[in-house]
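# Survey of secondary and tertiary structure
One letter stands for each residue in the lines below.
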Amino acid sequence: MWVQLTAVGQKMPRWVADGYGEYAGRMPREMSLELREVAPGDRGRGGRQARARKVEGKRLLRAVPRGARLIALDGGGRSLTTQALAEQMRGWLQDGRGVALLVGGPDGLDAACLDAAEQHWSLSPLTLPHMLVRVLVAEQLYRSWTILSGHPYHK
């Protein structure tokens, strides 16, 4: 089984790549974590955020493998404890489908992504930089895996 973190943005700062890579590299083969980046939409001058978000949404949805469970990272979504995420991960493993987590750009996810998602997951009531979300998600997935496997990392 695999998890694909599908995110808007390329050429992240080194601290983002290092943080994400640290936790993605710790994931076992049976629960691999892969990053799939899509190019951001052109916001240009004049506030074309809605158009850019729509372009990004199309790119994100095209990047999701067919048959994947689609989960949108959305501030309006359901908050999960780490233990609840671990239980969801147990369900993912039993289901056998891959999981695609969608992370929008600076203006969030397009409505098409939100509509296509089976679940909306909120990491925090805080507004987080979309770059930081990659690191937080990777760490929480690793932590959840350690709970399921009885590894002492979570303690």
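Look a little higher up for the structure.
Residues numbered from 1 in each chain as written. Predicted model: local features only at pLDDT ≥ 70, side-chain atom pairs only at ≥ 80, totals over all residues. Heavy atoms only, no water.

### Examining helix H2 (residues 49-63)
Selection rule: Numbered from the N terminus, helices here are DSSP runs of H or I no shorter than four residues, and strands are runs of E no shorter than two. Between the first and last residue of a helix there are one fewer steps than residues, each counted as 1.5 Å, and that sum is the expected span. Here the term buried applies to any residue with accessible area under 20% of the maximum for its type, exposed to any over 50%, and partly exposed to those in between, with areas from a 1.4 Å probe on protein chains only. It is the directions from the helix axis to the C-beta atoms that the arc portrays. Throughout, a contact is declared for two residues whenever any of their heavy atoms are within 4.5 Å.
The end-to-end C-alpha distance of H2, which contains 15 residues, comes to 21 Å, matching closely the 21 Å that a straight helix rising 1.5 Å per residue would cover. By the burial criterion, the buried members of H2 are Ala52, Glu56, Gly57, Leu60 and Ala63. The arc that holds the buried residues of H2, viewed along the axis, is 140°, so those residues lie on one side. Of the residues in H2, the exposed ones pointing more than 90 degrees away from the buried face are Ala50, Arg51, Lys58 and Arg62. Its buried side turned inward, H2 meets strand S1 (2-8), strand S2 (32-38), strand S4 (99-103) and helix H4 (111-116).

### Digging into unusual backbone geometry
If you check the backbone angles, Lys11 has positive phi at about 55° while not being a glycine. Relative to the elements of secondary structure, Lys11 occurs in the loop between S1 and helix H1 (14-24).

### Some words on the sheet that holds strand S3 (residues 69-79)
Rules: Strand pairing is assigned whenever DSSP detects at least two bridges linking the two strands. Fitting a line to C-alpha atoms yields each axis, with helices limited to the stretch in contact; the angle taken between N-to-C directions then spans 0 to 180 degrees.
One open sheet holds the five strands; their spatial order is S2-S1-S4-S3-S5, and the pairing between them is parallel. This sheet does not close on itself; its edge strands, each paired only once, are S2 and strand S5 (119-122). In this sheet, neighbouring strand axes are inclined to one another by 35° on average, regardless of whether the strands run parallel or antiparallel. Direction of pairing for S3 relative to S4: parallel, over a ladder of four bridges. In the strand pairing of S4, Arg69 is matched with Val99. Contacts from helix H3 (residues 82-95) reach S1, S3, S4 and S5, with the element oriented near 165° to S3.

### A look at the packing of H1 against helix H5 (residues 130-149)
To keep it simple, the criterion reads: Here is the rule for angles: anything less than 35 degrees is roughly parallel, anything more than 145 is roughly antiparallel, 65 through 115 is roughly perpendicular, and the remaining ranges are oblique. Helix crossings fall into two classes, left-handed where the near helix is turned counterclockwise from the far one by less than a right angle and right-handed where it is turned clockwise. The nonpolar class holds Ala, Val, Leu, Ile, Met, Phe, Trp, Tyr, Cys and Pro. Asp, Glu, Lys and Arg form the charged class, and all remaining residues, Gly among them, are polar.
Here H1 crosses H5 at 15°, and the two axes come no closer than 8 Å. Classified by the angle their axes make, H1 and H5 are roughly parallel. Taken as a pair, H1 and H5 cross one another with a handedness that is left-handed. The segment H1 lies against H5, with Trp15, Val16, Gly19, Tyr20, Tyr23 and Ala24 engaging Met131, Leu132, Arg134, Val135, Ala138, Glu139 and Tyr142. When the residues that make up the contact of H1 with H5 are grouped by side-chain class, the tally is 10 nonpolar, one polar and two charged.

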